[in-house]
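# Chains, contacts and geometry: an overview
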Amino acid sequence: MERTLSEIYSDVLLGHHKEVSKKIKIAIRNGIQPLTIMNEGMIAAMAEVGRLFESGEYYVPEMLVAARAMQAGMNVLKPYLSDSDTYPTGKVAIGTVKGDIHDIGKNLVKMMLEGAGFEVFDLGVDVDPEVFLGSLTGQHVDIIAMSALITTTMPAMRPVIDLLEKSGRRQEVKVIVGGAPLSEDYAHQIGADGYAPDAARAVTLAKSLLLQ
Ligand code: B1M
């Protein structure tokens, strides 16, 4: 089991997307839990990609091929990440904030929410505050979910909440935030309804907010 996981880890790190897909299928056949594959094989590899980038051993192209391998693996894992406990289905509009094009974490949150029975509208990356607000038009949305991966794009979350307030629509929707540089405290400061450190806890948070 550990060998397959470490091969998945290395293949994500090196951006071998076909190998990643192949080995994930083998891991699933061998009974390794999808969340173990995701956390120990794939997310751990992306953390190492970040470390290598910081230390100057990786550049943007290496990050990009690793991201492509990660995305290929996520597509294989998607059907296995569903949750049988799907009682409070709701609607979520999710996006990565203005100025930020990182979407792997956002896509993972989306996949896990869908697996838990939520209907998710994906607004994409580099999303303007007006587009978050616009997602409420013509449909009922329970939760707006924002992701940010860079310290300089975190401040793009507050304008979305301010715009919801100015337009008089803040009370009709919950706002949740997440992404590596975020914290519970930051979420509180900007007036969000909740923060989740990872995709699994984003699902728990979304479910709990629907019950409020
Ligand atoms: Co960039 N990048 N990147 N990058 N990148 C980081 C974020 C960085 C930390 C790398 C580093 O220096 N160590 C750094 C930011 C530093 C900072 O904050 N100051 C950085 C930088 C600097 C940049 C550029 C500026 C580089 C450049 O051009 N010089 C540039 C910025 C572009 C832009 O957005 N304007 C850039 C570009 C890129 C690529 C395009 C090459 C690529 C992204 C490809 C893509 O997303 N399609 C990329 C990548 C791959 C990374 C790292 C290596 C990996 C990110 C990732 O996908 N992780 C990243 C380093 C790192 O994270 N260690 C890095 C895996 C993913 C599953 O985790 O997204 O954290 P994450 O999601 C987690 C949680 O955060 C949480 O759930 C997920 C886990 O379950 N979560 C939520 C996320 N969103 C959530 C929302 C929620 C709840 C939970 O509720 C709504």
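So, here is what we can say about the structure in this document. (Residues numbered from 1 in each chain as written. Predicted model: local features only at pLDDT ≥ 70, side-chain atom pairs only at ≥ 80, totals over all residues. Heavy atoms only, no water.)

The next subject is the coordination of the cobalt atom of the ligand. Counting protein donors around the cobalt atom of the ligand gives one, His102 (NE2), at 2.2 Å. Considering the arrangement of structural elements, one finds His102 in the loop between strand 1 (91–97) and helix 5 (104–115). (Donors = N, O, S within 2.8 Å, 3.2 Å for Na, K, Ca; no water. Helix = DSSP H or I, 4+ residues; strand = E, 2+ residues; numbered from the N terminus.)

Let us now look at the site of the ligand. The local shell around the ligand holds 35 residues, among which Glu54, Ile101, His102, Asp103 and Ser147 are the closest. In the model, a nitrogen atom of the ligand is placed 3.1 Å from a nitrogen or oxygen of the Gly50 main chain. A distance of 2.8 Å is found between a nitrogen atom of the ligand and a side-chain nitrogen or oxygen belonging to His102. When residues of the shell around the ligand are traced back to their parent elements, those giving at least two are helix 3 (34–54), helix 4 (60–77), helix 5, strand 3 (143–147), strand 4 (174–178) and helix 9 (199–210). With 6 residues, the single largest contributor to the shell around the ligand is helix 3. In the shell around the ligand, the residues fall into 23 nonpolar, 8 polar and 4 charged. (Near = heavy atom within 4 Å. Polar contact = N/O pair within 3.5 Å; in protein donor to acceptor, adjacent residues only side chain to side chain. Nonpolar A, V, L, I, M, F, W, Y, C, P; charged D, E, K, R; others polar.)

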